[in-house]
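# Structural characterization, general
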Amino acid sequence: MAKNLTTREEDYSKWYNELVVKADLAENSGVRGCMVIKPYGFGIWERMQAELDKKFKETGHSNAYFPLFVPKSMFEAEEKNAEGFAKECAVVTHYRLKNDDENAGKLIVDPNAKLEEELIVRPTSEAIIWSTYKGWVQSYRDLPLLINQWANVVRWEMRTRLFLRTAEFLWQEGHTAHTTKKEAIEESERMMNVYADFVQDFMAIPVVKGLKTESERFAGAEETYCIEALMQDGKALQAGTSHFLGQNFAKAFDVKFATKEGKQEYVWGTSWGVSTRLMGALVMTHSDDKGLVLPPNLAPDQVVIVPIYRNDEQFDAVSEAANELMAALRAKGVRVKFDNRDTHKPGWKFNEYELKGVPVRIAIGPKDLENGTFEVARRDTLTKEVLSKDVIVDHVVGLMDEIQNNLFAKAIDHRTTHTTEVESYDEFKELLEAKGGFFSAHWDGTIETEEKIKKETKATIRCIPFDGDNTPGTCMVTGNPSKRRVLFAKAY
(Lines give C-alpha, C1' and ligand atoms only; values in the text may rest on other atoms or scores of the structure.)
Protein backbone atom coordinates (compact mmCIF):
# COMPACT_ATOMS: atom_id res chain seq x y z
CA MET A 1 0.00 0.00 0.00
CA ALA A 2 0.97 3.68 -0.27
CA LYS A 3 2.27 3.86 3.29
CA ASN A 4 5.09 1.52 2.28
CA LEU A 5 6.33 3.74 -0.55
CA THR A 6 9.83 5.15 -0.27
CA THR A 7 9.49 8.95 -0.24
CA ARG A 8 10.73 11.08 -3.12
CA GLU A 9 13.16 12.86 -0.80
CA GLU A 10 14.64 9.57 0.42
CA ASP A 11 15.28 8.08 -3.01
CA TYR A 12 13.48 9.43 -6.05
CA SER A 13 14.46 6.55 -8.32
CA LYS A 14 13.33 3.95 -5.81
CA TRP A 15 10.09 5.87 -5.19
CA TYR A 16 9.36 5.82 -8.93
CA ASN A 17 10.05 2.10 -9.34
CA GLU A 18 7.96 1.18 -6.30
CA LEU A 19 5.05 3.36 -7.37
CA VAL A 20 4.88 1.93 -10.90
CA VAL A 21 4.67 -1.59 -9.44
CA LYS A 22 2.45 -0.93 -6.41
CA ALA A 23 -0.04 1.18 -8.36
CA ASP A 24 -0.48 -1.79 -10.72
CA LEU A 25 0.86 0.02 -13.77
CA ALA A 26 3.54 -2.45 -14.83
CA GLU A 27 6.05 -5.02 -13.65
CA ASN A 28 9.25 -6.58 -14.91
CA SER A 29 8.82 -9.66 -17.06
CA GLY A 30 10.82 -12.85 -17.44
CA VAL A 31 12.74 -11.24 -20.31
CA ARG A 32 15.56 -8.94 -19.25
CA GLY A 33 14.65 -5.31 -19.77
CA CYS A 34 11.07 -6.01 -20.86
CA MET A 35 7.89 -5.21 -18.97
CA VAL A 36 4.35 -6.44 -18.52
CA ILE A 37 1.93 -3.52 -18.70
CA LYS A 38 -0.87 -4.43 -16.29
CA PRO A 39 -4.56 -3.68 -16.98
CA TYR A 40 -4.63 -0.45 -14.96
CA GLY A 41 -1.50 0.86 -16.66
CA PHE A 42 -2.72 -0.24 -20.05
CA GLY A 43 -6.04 1.50 -19.39
CA ILE A 44 -4.15 4.78 -19.04
CA TRP A 45 -2.14 4.05 -22.21
CA GLU A 46 -5.40 3.32 -24.05
CA ARG A 47 -6.69 6.76 -23.03
CA MET A 48 -3.53 8.32 -24.47
CA GLN A 49 -3.74 6.21 -27.59
CA ALA A 50 -7.39 7.04 -28.25
CA GLU A 51 -6.87 10.80 -27.93
CA LEU A 52 -3.73 10.82 -30.06
CA ASP A 53 -5.33 8.60 -32.70
CA LYS A 54 -8.22 11.04 -32.88
CA LYS A 55 -5.81 13.95 -33.37
CA PHE A 56 -3.89 12.09 -36.07
CA LYS A 57 -7.04 11.34 -38.03
CA GLU A 58 -8.22 14.93 -37.65
CA THR A 59 -4.98 16.02 -39.33
CA GLY A 60 -5.53 13.65 -42.26
CA HIS A 61 -3.49 10.60 -41.27
CA SER A 62 -4.49 6.95 -41.69
CA ASN A 63 -3.30 3.92 -39.72
CA ALA A 64 -1.42 1.00 -41.27
CA TYR A 65 0.83 -1.77 -40.04
CA PHE A 66 4.30 -2.82 -41.22
CA PRO A 67 6.44 -5.90 -40.39
CA LEU A 68 8.41 -6.31 -37.18
CA PHE A 69 11.41 -7.71 -39.08
CA VAL A 70 13.63 -5.72 -41.42
CA PRO A 71 16.21 -7.38 -43.72
CA LYS A 72 19.69 -6.25 -42.72
CA SER A 73 20.53 -4.93 -46.19
CA MET A 74 17.36 -2.86 -46.18
CA PHE A 75 18.16 -1.48 -42.73
CA GLU A 76 21.63 -0.48 -43.93
CA ALA A 77 20.31 1.45 -46.94
CA GLU A 78 20.17 4.79 -45.07
CA GLU A 79 23.65 4.88 -43.54
CA LYS A 80 23.14 7.48 -40.80
CA ASN A 81 20.00 5.75 -39.54
CA ALA A 82 21.71 2.35 -39.50
CA GLU A 83 24.76 3.73 -37.67
CA GLY A 84 22.59 5.55 -35.16
CA PHE A 85 20.72 2.43 -34.09
CA ALA A 86 23.39 -0.22 -34.64
CA LYS A 87 24.30 -0.69 -30.97
CA GLU A 88 20.65 -1.16 -29.96
CA CYS A 89 19.64 -3.70 -32.61
CA ALA A 90 18.41 -7.21 -31.87
CA VAL A 91 19.19 -9.56 -34.77
CA VAL A 92 17.48 -12.79 -35.89
CA THR A 93 20.03 -15.21 -37.38
CA HIS A 94 18.19 -18.58 -37.35
CA TYR A 95 14.59 -19.61 -37.95
CA ARG A 96 14.31 -22.92 -36.08
CA LEU A 97 15.27 -24.77 -32.91
CA LYS A 98 15.65 -28.49 -32.51
CA ASN A 99 15.88 -30.96 -29.63
CA ASP A 100 19.27 -31.54 -28.06
CA ASP A 101 19.65 -35.33 -28.35
CA GLU A 102 22.09 -35.49 -25.45
CA ASN A 103 19.94 -33.39 -23.10
CA ALA A 104 16.27 -34.39 -23.11
CA GLY A 105 13.87 -31.48 -23.06
CA LYS A 106 16.52 -28.96 -24.10
CA LEU A 107 16.31 -26.94 -27.29
CA ILE A 108 19.24 -25.67 -29.32
CA VAL A 109 19.60 -23.52 -32.42
CA ASP A 110 19.51 -25.70 -35.51
CA PRO A 111 22.77 -24.86 -37.35
CA ASN A 112 21.13 -25.92 -40.61
CA ALA A 113 18.37 -23.33 -40.18
CA LYS A 114 20.48 -20.21 -40.60
CA LEU A 115 18.75 -17.38 -42.46
CA GLU A 116 20.17 -16.42 -45.83
CA GLU A 117 19.94 -12.81 -44.67
CA GLU A 118 19.83 -11.71 -41.06
CA LEU A 119 16.74 -9.83 -39.88
CA ILE A 120 16.77 -6.74 -37.67
CA VAL A 121 13.97 -6.54 -35.10
CA ARG A 122 12.78 -3.02 -35.79
CA PRO A 123 14.16 -0.32 -33.50
CA THR A 124 12.27 2.11 -35.75
CA SER A 125 10.47 1.54 -39.04
CA GLU A 126 11.83 4.05 -41.56
CA ALA A 127 13.62 1.37 -43.60
CA ILE A 128 10.72 -1.05 -44.01
CA ILE A 129 8.22 1.76 -44.57
CA TRP A 130 10.24 3.70 -47.14
CA SER A 131 11.01 0.52 -49.04
CA THR A 132 7.24 0.00 -49.20
CA TYR A 133 6.56 3.61 -50.24
CA LYS A 134 8.63 3.02 -53.38
CA GLY A 135 5.77 0.89 -54.68
CA TRP A 136 3.07 3.26 -53.48
CA VAL A 137 4.35 6.50 -54.99
CA GLN A 138 4.59 7.14 -58.73
CA SER A 139 2.95 10.52 -59.27
CA TYR A 140 2.26 13.79 -57.46
CA ARG A 141 -1.33 12.53 -57.36
CA ASP A 142 -0.21 9.89 -54.79
CA LEU A 143 1.04 12.58 -52.42
CA PRO A 144 0.97 13.57 -49.67
CA LEU A 145 1.17 10.12 -48.12
CA LEU A 146 0.14 10.44 -44.46
CA ILE A 147 0.56 7.17 -42.55
CA ASN A 148 0.70 6.33 -38.85
CA GLN A 149 1.47 3.00 -37.22
CA TRP A 150 0.73 1.78 -33.66
CA ALA A 151 3.36 -0.84 -32.91
CA ASN A 152 6.08 -2.19 -30.67
CA VAL A 153 9.80 -1.73 -31.23
CA VAL A 154 12.93 -3.27 -29.72
CA ARG A 155 16.02 -1.35 -28.65
CA TRP A 156 18.46 -3.48 -26.71
CA GLU A 157 19.07 -1.11 -23.80
CA MET A 158 21.66 -2.06 -21.21
CA ARG A 159 20.15 -0.06 -18.32
CA THR A 160 16.40 -0.31 -18.18
CA ARG A 161 13.61 1.20 -16.09
CA LEU A 162 9.88 0.53 -16.37
CA PHE A 163 8.28 2.78 -19.02
CA LEU A 164 11.27 5.15 -19.23
CA ARG A 165 13.68 2.80 -20.97
CA THR A 166 12.85 -0.80 -21.82
CA ALA A 167 14.16 -3.23 -24.42
CA GLU A 168 10.68 -3.44 -25.95
CA PHE A 169 8.13 -0.64 -25.79
CA LEU A 170 4.89 0.47 -27.39
CA TRP A 171 4.61 3.59 -29.49
CA GLN A 172 3.15 5.22 -32.53
CA GLU A 173 5.27 6.31 -35.44
CA GLY A 174 4.08 8.54 -38.24
CA HIS A 175 5.79 8.43 -41.65
CA THR A 176 4.79 10.90 -44.34
CA ALA A 177 5.90 11.73 -47.88
CA HIS A 178 5.40 15.09 -49.65
CA THR A 179 6.02 16.83 -52.96
CA THR A 180 7.89 19.83 -51.50
CA LYS A 181 10.38 20.65 -48.77
CA LYS A 182 8.06 23.37 -47.46
CA GLU A 183 5.16 20.95 -47.07
CA ALA A 184 7.31 18.39 -45.23
CA ILE A 185 8.66 21.01 -42.82
CA GLU A 186 5.11 22.19 -42.16
CA GLU A 187 4.11 18.60 -41.41
CA SER A 188 7.02 18.18 -38.97
CA GLU A 189 6.04 21.36 -37.14
CA ARG A 190 2.34 20.46 -37.18
CA MET A 191 2.94 17.11 -35.50
CA MET A 192 5.24 18.64 -32.90
CA ASN A 193 2.36 20.99 -32.04
CA VAL A 194 -0.11 18.10 -31.95
CA TYR A 195 2.13 16.40 -29.38
CA ALA A 196 2.55 19.59 -27.37
CA ASP A 197 -1.21 20.20 -27.25
CA PHE A 198 -1.85 16.62 -26.19
CA VAL A 199 0.77 16.54 -23.44
CA GLN A 200 -0.26 19.93 -22.05
CA ASP A 201 -4.06 19.76 -22.43
CA PHE A 202 -4.59 16.05 -21.83
CA MET A 203 -1.71 15.06 -19.55
CA ALA A 204 -1.42 18.44 -17.75
CA ILE A 205 2.35 18.48 -18.36
CA PRO A 206 3.90 21.76 -19.58
CA VAL A 207 6.48 21.38 -22.35
CA VAL A 208 9.11 23.46 -24.11
CA LYS A 209 9.03 23.28 -27.90
CA GLY A 210 12.22 23.57 -29.87
CA LEU A 211 14.85 22.05 -32.14
CA LYS A 212 17.51 19.49 -31.27
CA THR A 213 21.15 20.30 -31.93
CA GLU A 214 22.93 18.50 -34.75
CA SER A 215 24.47 15.92 -32.42
CA GLU A 216 21.12 15.22 -30.74
CA ARG A 217 19.06 14.83 -33.92
CA PHE A 218 17.37 11.62 -34.95
CA ALA A 219 19.77 9.53 -37.05
CA GLY A 220 18.99 10.28 -40.70
CA ALA A 221 17.06 13.51 -40.08
CA GLU A 222 17.80 17.00 -41.40
CA GLU A 223 16.05 18.54 -38.39
CA THR A 224 14.44 17.19 -35.21
CA TYR A 225 11.63 19.09 -33.51
CA CYS A 226 10.97 18.15 -29.90
CA ILE A 227 8.94 18.80 -26.77
CA GLU A 228 10.80 18.69 -23.45
CA ALA A 229 9.21 18.31 -20.02
CA LEU A 230 10.71 18.78 -16.55
CA MET A 231 10.21 16.11 -13.88
CA GLN A 232 9.90 16.70 -10.13
CA ASP A 233 13.50 15.67 -9.47
CA GLY A 234 14.84 18.37 -11.79
CA LYS A 235 15.64 16.08 -14.73
CA ALA A 236 14.27 16.62 -18.21
CA LEU A 237 12.34 14.06 -20.23
CA GLN A 238 11.96 14.11 -24.00
CA ALA A 239 8.21 13.74 -24.40
CA GLY A 240 7.98 13.57 -28.17
CA THR A 241 9.91 14.17 -31.39
CA SER A 242 9.06 15.04 -34.98
CA HIS A 243 11.72 14.73 -37.69
CA PHE A 244 12.14 16.49 -41.00
CA LEU A 245 13.93 13.80 -43.01
CA GLY A 246 14.61 15.86 -46.11
CA GLN A 247 15.10 13.52 -49.07
CA ASN A 248 17.51 11.20 -47.24
CA PHE A 249 15.25 8.16 -47.07
CA ALA A 250 13.68 8.86 -50.47
CA LYS A 251 17.14 8.73 -52.03
CA ALA A 252 18.17 5.67 -50.03
CA PHE A 253 15.10 3.75 -51.24
CA ASP A 254 14.65 5.49 -54.61
CA VAL A 255 11.20 6.91 -53.85
CA LYS A 256 10.45 9.31 -56.73
CA PHE A 257 7.33 10.90 -58.12
CA ALA A 258 6.38 12.42 -61.45
CA THR A 259 5.66 16.14 -61.10
CA LYS A 260 2.84 17.93 -62.93
CA GLU A 261 5.45 18.83 -65.55
CA GLY A 262 6.43 15.18 -65.93
CA LYS A 263 9.81 15.45 -64.20
CA GLN A 264 11.06 12.78 -61.79
CA GLU A 265 11.87 14.09 -58.30
CA TYR A 266 12.56 12.56 -54.91
CA VAL A 267 9.83 12.98 -52.32
CA TRP A 268 10.36 14.84 -49.03
CA GLY A 269 9.79 12.91 -45.80
CA THR A 270 8.96 13.18 -42.12
CA SER A 271 8.66 10.80 -39.21
CA TRP A 272 7.37 11.45 -35.69
CA GLY A 273 6.55 9.47 -32.56
CA VAL A 274 5.71 9.20 -28.89
CA SER A 275 5.89 6.09 -26.74
CA THR A 276 4.93 4.49 -23.43
CA ARG A 277 7.70 6.70 -22.02
CA LEU A 278 4.83 9.18 -21.59
CA MET A 279 3.58 6.92 -18.80
CA GLY A 280 6.81 7.61 -16.95
CA ALA A 281 6.38 11.34 -17.53
CA LEU A 282 2.88 11.15 -16.10
CA VAL A 283 4.05 9.42 -12.92
CA MET A 284 7.01 11.75 -12.34
CA THR A 285 5.20 15.01 -13.04
CA HIS A 286 2.17 14.75 -10.77
CA SER A 287 2.53 11.94 -8.23
CA ASP A 288 3.39 12.28 -4.54
CA ASP A 289 4.55 10.17 -1.59
CA LYS A 290 1.07 8.69 -1.20
CA GLY A 291 0.98 7.37 -4.74
CA LEU A 292 -0.15 8.15 -8.25
CA VAL A 293 -1.96 11.39 -9.11
CA LEU A 294 -3.88 11.24 -12.39
CA PRO A 295 -5.29 14.14 -14.41
CA PRO A 296 -9.02 13.51 -14.96
CA ASN A 297 -8.58 13.47 -18.74
CA LEU A 298 -6.32 10.41 -18.46
CA ALA A 299 -7.83 8.53 -15.52
CA PRO A 300 -9.54 5.25 -16.49
CA ASP A 301 -11.89 5.95 -13.54
CA GLN A 302 -12.41 9.64 -12.83
CA VAL A 303 -14.59 8.96 -9.81
CA VAL A 304 -14.84 5.99 -7.47
CA ILE A 305 -17.77 5.52 -5.10
CA VAL A 306 -17.03 3.61 -1.89
CA PRO A 307 -19.97 2.34 0.21
CA ILE A 308 -19.80 2.32 4.01
CA TYR A 309 -22.14 -0.10 5.80
CA ARG A 310 -22.44 -2.57 8.65
CA ASN A 311 -25.10 -4.98 7.40
CA ASP A 312 -26.90 -6.13 4.27
CA GLU A 313 -29.81 -3.73 4.82
CA GLN A 314 -27.45 -0.73 4.96
CA PHE A 315 -25.52 -2.04 1.96
CA ASP A 316 -28.71 -2.29 -0.12
CA ALA A 317 -29.75 1.26 0.78
CA VAL A 318 -26.29 2.71 0.14
CA SER A 319 -26.01 0.78 -3.15
CA GLU A 320 -29.27 2.23 -4.39
CA ALA A 321 -28.02 5.77 -3.77
CA ALA A 322 -24.63 4.95 -5.29
CA ASN A 323 -26.14 3.50 -8.45
CA GLU A 324 -28.37 6.56 -8.87
CA LEU A 325 -25.37 8.87 -8.49
CA MET A 326 -23.27 6.75 -10.84
CA ALA A 327 -25.97 6.88 -13.53
CA ALA A 328 -26.32 10.66 -13.17
CA LEU A 329 -22.57 11.21 -13.44
CA ARG A 330 -22.21 8.86 -16.39
CA ALA A 331 -24.99 10.75 -18.15
CA LYS A 332 -22.74 13.81 -17.86
CA GLY A 333 -19.81 11.93 -19.41
CA VAL A 334 -17.93 11.17 -16.18
CA ARG A 335 -16.20 7.79 -15.90
CA VAL A 336 -17.37 6.29 -12.60
CA LYS A 337 -16.67 3.07 -10.72
CA PHE A 338 -18.81 1.79 -7.85
CA ASP A 339 -16.62 -0.45 -5.70
CA ASN A 340 -19.20 -2.71 -4.08
CA ARG A 341 -16.78 -5.52 -3.25
CA ASP A 342 -17.36 -7.07 0.15
CA THR A 343 -13.84 -8.50 0.30
CA HIS A 344 -12.18 -5.28 1.48
CA LYS A 345 -13.06 -2.67 4.10
CA PRO A 346 -13.65 1.01 3.21
CA GLY A 347 -10.32 2.11 4.73
CA TRP A 348 -8.43 -0.36 2.54
CA LYS A 349 -10.28 0.93 -0.52
CA PHE A 350 -9.53 4.56 0.38
CA ASN A 351 -5.81 3.76 0.49
CA GLU A 352 -6.00 1.73 -2.72
CA TYR A 353 -7.60 4.52 -4.76
CA GLU A 354 -5.29 7.11 -3.24
CA LEU A 355 -2.36 4.96 -4.36
CA LYS A 356 -3.86 4.55 -7.85
CA GLY A 357 -4.49 8.27 -8.23
CA VAL A 358 -8.25 8.29 -8.90
CA PRO A 359 -9.09 12.04 -9.10
CA VAL A 360 -12.26 11.98 -6.98
CA ARG A 361 -13.48 9.59 -4.28
CA ILE A 362 -17.03 9.67 -2.97
CA ALA A 363 -18.01 7.89 0.25
CA ILE A 364 -21.63 7.05 1.07
CA GLY A 365 -22.78 5.69 4.42
CA PRO A 366 -26.05 5.42 6.42
CA LYS A 367 -25.58 8.89 7.94
CA ASP A 368 -25.14 10.37 4.48
CA LEU A 369 -28.44 8.81 3.43
CA GLU A 370 -30.14 10.36 6.46
CA ASN A 371 -28.65 13.78 5.79
CA GLY A 372 -28.90 13.68 2.01
CA THR A 373 -25.14 14.26 1.68
CA PHE A 374 -21.98 12.74 0.19
CA GLU A 375 -18.35 12.98 1.28
CA VAL A 376 -16.14 14.04 -1.64
CA ALA A 377 -12.34 13.68 -1.49
CA ARG A 378 -9.95 15.18 -4.07
CA ARG A 379 -6.74 13.31 -4.88
CA ASP A 380 -4.80 16.36 -6.07
CA THR A 381 -5.25 18.45 -2.91
CA LEU A 382 -6.04 15.59 -0.45
CA THR A 383 -9.00 17.64 0.80
CA LYS A 384 -12.52 16.51 1.70
CA GLU A 385 -15.91 18.22 1.76
CA VAL A 386 -19.48 17.18 2.45
CA LEU A 387 -21.97 18.10 -0.24
CA SER A 388 -25.73 17.86 -0.51
CA LYS A 389 -27.46 15.50 -2.90
CA ASP A 390 -28.80 18.46 -4.86
CA VAL A 391 -25.40 19.82 -5.93
CA ILE A 392 -23.20 16.73 -6.01
CA VAL A 393 -23.45 15.97 -9.75
CA ASP A 394 -22.71 19.47 -11.01
CA HIS A 395 -19.96 19.89 -8.43
CA VAL A 396 -18.17 16.67 -9.44
CA VAL A 397 -18.49 17.50 -13.14
CA GLY A 398 -16.90 20.87 -12.40
CA LEU A 399 -14.11 19.21 -10.44
CA MET A 400 -12.89 17.44 -13.56
CA ASP A 401 -11.71 20.71 -15.17
CA GLU A 402 -10.67 22.18 -11.83
CA ILE A 403 -8.37 19.28 -10.98
CA GLN A 404 -6.99 19.13 -14.53
CA ASN A 405 -6.16 22.85 -14.45
CA ASN A 406 -4.75 22.67 -10.93
CA LEU A 407 -2.31 19.90 -11.86
CA PHE A 408 -1.12 21.84 -14.91
CA ALA A 409 -0.70 25.04 -12.89
CA LYS A 410 1.28 23.17 -10.23
CA ALA A 411 3.57 21.68 -12.88
CA ILE A 412 4.05 25.11 -14.50
CA ASP A 413 5.02 26.59 -11.12
CA HIS A 414 7.56 23.82 -10.57
CA ARG A 415 9.11 24.38 -14.01
CA THR A 416 9.23 28.16 -13.49
CA THR A 417 11.02 27.89 -10.16
CA HIS A 418 13.43 25.33 -11.61
CA THR A 419 14.39 27.23 -14.78
CA THR A 420 17.51 29.32 -14.27
CA GLU A 421 19.49 31.70 -16.46
CA VAL A 422 23.24 31.29 -15.96
CA GLU A 423 26.12 33.32 -17.31
CA SER A 424 29.23 31.37 -16.29
CA TYR A 425 30.24 27.72 -16.51
CA ASP A 426 31.11 27.63 -12.80
CA GLU A 427 27.64 28.92 -11.89
CA PHE A 428 26.09 26.36 -14.23
CA LYS A 429 27.99 23.43 -12.69
CA GLU A 430 27.24 24.56 -9.13
CA LEU A 431 23.49 25.05 -9.64
CA LEU A 432 23.16 21.92 -11.76
CA GLU A 433 24.09 19.85 -8.71
CA ALA A 434 22.50 22.03 -6.03
CA LYS A 435 19.20 22.89 -7.72
CA GLY A 436 18.70 20.95 -10.95
CA GLY A 437 16.11 21.80 -13.56
CA PHE A 438 16.38 23.65 -16.86
CA PHE A 439 19.29 26.03 -17.41
CA SER A 440 19.16 28.75 -20.05
CA ALA A 441 22.71 29.53 -21.14
CA HIS A 442 24.75 30.74 -24.07
CA TRP A 443 26.58 28.16 -26.19
CA ASP A 444 28.95 28.83 -29.07
CA GLY A 445 27.22 26.37 -31.40
CA THR A 446 30.08 23.87 -31.69
CA ILE A 447 29.84 20.12 -31.16
CA GLU A 448 33.16 20.25 -29.29
CA THR A 449 31.78 22.56 -26.58
CA GLU A 450 28.54 20.58 -26.41
CA GLU A 451 30.49 17.33 -25.88
CA LYS A 452 32.76 18.94 -23.25
CA ILE A 453 29.72 20.03 -21.21
CA LYS A 454 28.13 16.61 -21.55
CA LYS A 455 31.30 14.78 -20.53
CA GLU A 456 32.04 17.01 -17.54
CA THR A 457 28.50 17.49 -16.17
CA LYS A 458 26.29 14.81 -17.78
CA ALA A 459 23.98 17.64 -18.85
CA THR A 460 22.87 17.91 -22.48
CA ILE A 461 21.29 20.57 -24.64
CA ARG A 462 17.65 19.56 -24.45
CA CYS A 463 16.58 21.92 -27.19
CA ILE A 464 17.01 25.26 -28.89
CA PRO A 465 13.68 26.67 -27.68
CA PHE A 466 11.38 28.52 -30.06
CA ASP A 467 10.23 30.88 -27.33
CA GLY A 468 13.66 31.34 -25.76
CA ASP A 469 15.99 34.33 -25.50
CA ASN A 470 17.35 35.20 -28.97
CA THR A 471 19.69 37.89 -27.67
CA PRO A 472 23.31 37.30 -28.75
CA GLY A 473 25.89 36.79 -26.03
CA THR A 474 29.04 34.87 -25.16
CA CYS A 475 29.35 31.12 -24.57
CA MET A 476 29.49 30.24 -20.88
CA VAL A 477 32.34 27.78 -21.54
CA THR A 478 34.58 29.28 -24.24
CA GLY A 479 33.67 32.96 -24.19
CA ASN A 480 33.16 32.82 -27.94
CA PRO A 481 30.17 34.54 -29.58
CA SER A 482 26.77 32.89 -29.09
CA LYS A 483 23.73 33.56 -31.27
CA ARG A 484 21.19 32.82 -28.53
CA ARG A 485 20.51 30.90 -25.33
CA VAL A 486 19.75 27.19 -25.37
CA LEU A 487 18.21 24.91 -22.74
CA PHE A 488 20.44 22.51 -20.77
CA ALA A 489 19.47 19.82 -18.24
CA LYS A 490 20.31 16.38 -17.03
CA ALA A 491 17.82 14.02 -18.58
CA TYR A 492 16.23 10.58 -18.52
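Report on the accompanying structure. Just so it is clear, the model here is predicted, and its values are computed rather than measured.

We now examine the packing of helix α9 (residues 312-331) against helix α12 (residues 392-417). Following both chains from N to C, one finds α9 and α12 inclined at 50°, their axes separated by 10 Å at the closest point. Judged on the interaxial angle alone, α12 and α9 are oblique. Considering the relative orientation of α9 and α12, their crossing is right-handed. Between α9, through Leu325, Ala328 and Leu329, and α12, the contact on the second element is made entirely by Ile392, Val393 and Val396. Class assignment for the residues of the contact of α9 with α12 results in 6 nonpolar, no polar and no charged.

With respect to the secondary-structure elements, Thr213 resides in the loop between β11 (208-211) and β12 (223-230). In this structure, Thr213 is in contact with Trp443, Glu450, Ile461 and Ile464, ignoring residues within four places of it in sequence.

Now for the layout of surface pockets. Roughly 1800 Å³ of volume is contained in the largest pocket. What lines the largest pocket is a set of 48 residues, among which Glu157, Arg165, Gln238, Arg277 and Tyr492 lie closest to the centre. Elements with a minimum of two residues in the lining of the largest pocket: α1 (12-22), α4 (79-85), β10 (168-178), β13 (236-246), β16 (268-275), α14 (447-457) and β24 (460-465). Of the residues that constitute the lining of the largest pocket, the class distribution is 14 nonpolar, 15 polar and 19 charged. Composition of the lining of the largest pocket by domain shows at least three residues from each of domain 1 (12-286) and domain 3 (420-489).

As a further point, take a nonpolar patch on the surface. On the surface, a cluster of nonpolar side chains totalling about 330 Å² of accessible area is made up of Val31, Trp156 and Met158. Checked against the element boundaries, Trp156 lands in the loop between β9 (145-154) and β10. For Trp156, a relative accessible area of 38% puts it in the partly exposed group.

Rules used in this analysis
Counting from 1, residues in each chain are numbered in the order their sequence is written. Under the rules for a predicted model, residues below a pLDDT of 70 receive no local features and side-chain atom pairs below 80 are neither given nor counted, while totals for whole chains, interfaces and linings still include all residues. Side-chain descriptors were evaluated using all non-hydrogen atoms of the structure, hydrogens and water having been removed beforehand. All axes are obtained by fitting lines to C-alpha atoms, using only the stretch in contact for helices, and the reported angles, taken between N-to-C directions, cover 0 to 180 degrees. Only DSSP runs of H or I reaching four residues or more are called helices, and only runs of E reaching two or more are called strands; each is numbered from the N terminus. These descriptions rest on fixed angle ranges, namely under 35 degrees for roughly parallel, over 145 for roughly antiparallel, 65 to 115 for roughly perpendicular, and the rest for oblique. Definitions for this section: a left-handed crossing has its near helix turned counterclockwise from the far helix by less than a right angle. A right-handed crossing has that turn clockwise. Residues are treated as being in contact if the distance between any of their heavy atoms lies within 4.5 Å. Residue polarity is assigned by list, with Asp, Glu, Lys and Arg as charged and Ala, Val, Leu, Ile, Met, Phe, Trp, Tyr, Cys and Pro as nonpolar; anything else, Gly included, falls into the polar class. For cavity detection a 1 Å grid was placed over the protein atoms alone, and a set of points counts as a cavity when a 1.4 Å probe fits there but cannot get out; an open set counts as a pocket when protein lies on both sides within 12 Å along at least five of seven lines, with lining residues being those that have an atom within 4 Å of a point. Grid points are joined across faces, edges and corners, and a volume is the space filled by probe spheres set on the points. Boundaries between domains were set according to an automatic or database domain assignment. A patch consists of residues whose relative accessible area exceeds 30% and which take part in no salt bridge; residues with like charges are grouped when within 9 Å of each other, and nonpolar side chains (Val, Leu, Ile, Met, Phe, Trp, Tyr) when within 5 Å. With residues, only the protein chains shown are counted as cover, and all accessible areas are computed by Shrake-Rupley using a 1.4 Å probe. We define a salt bridge as a contact between a side-chain nitrogen of Lys or Arg and a carboxyl oxygen of Asp or Glu at a distance within 4 Å. Throughout this description, buried means an accessible area under 20% of the type-specific maximum (1.4 Å probe, protein chains only), exposed means over 50%, and partly exposed covers the range between.

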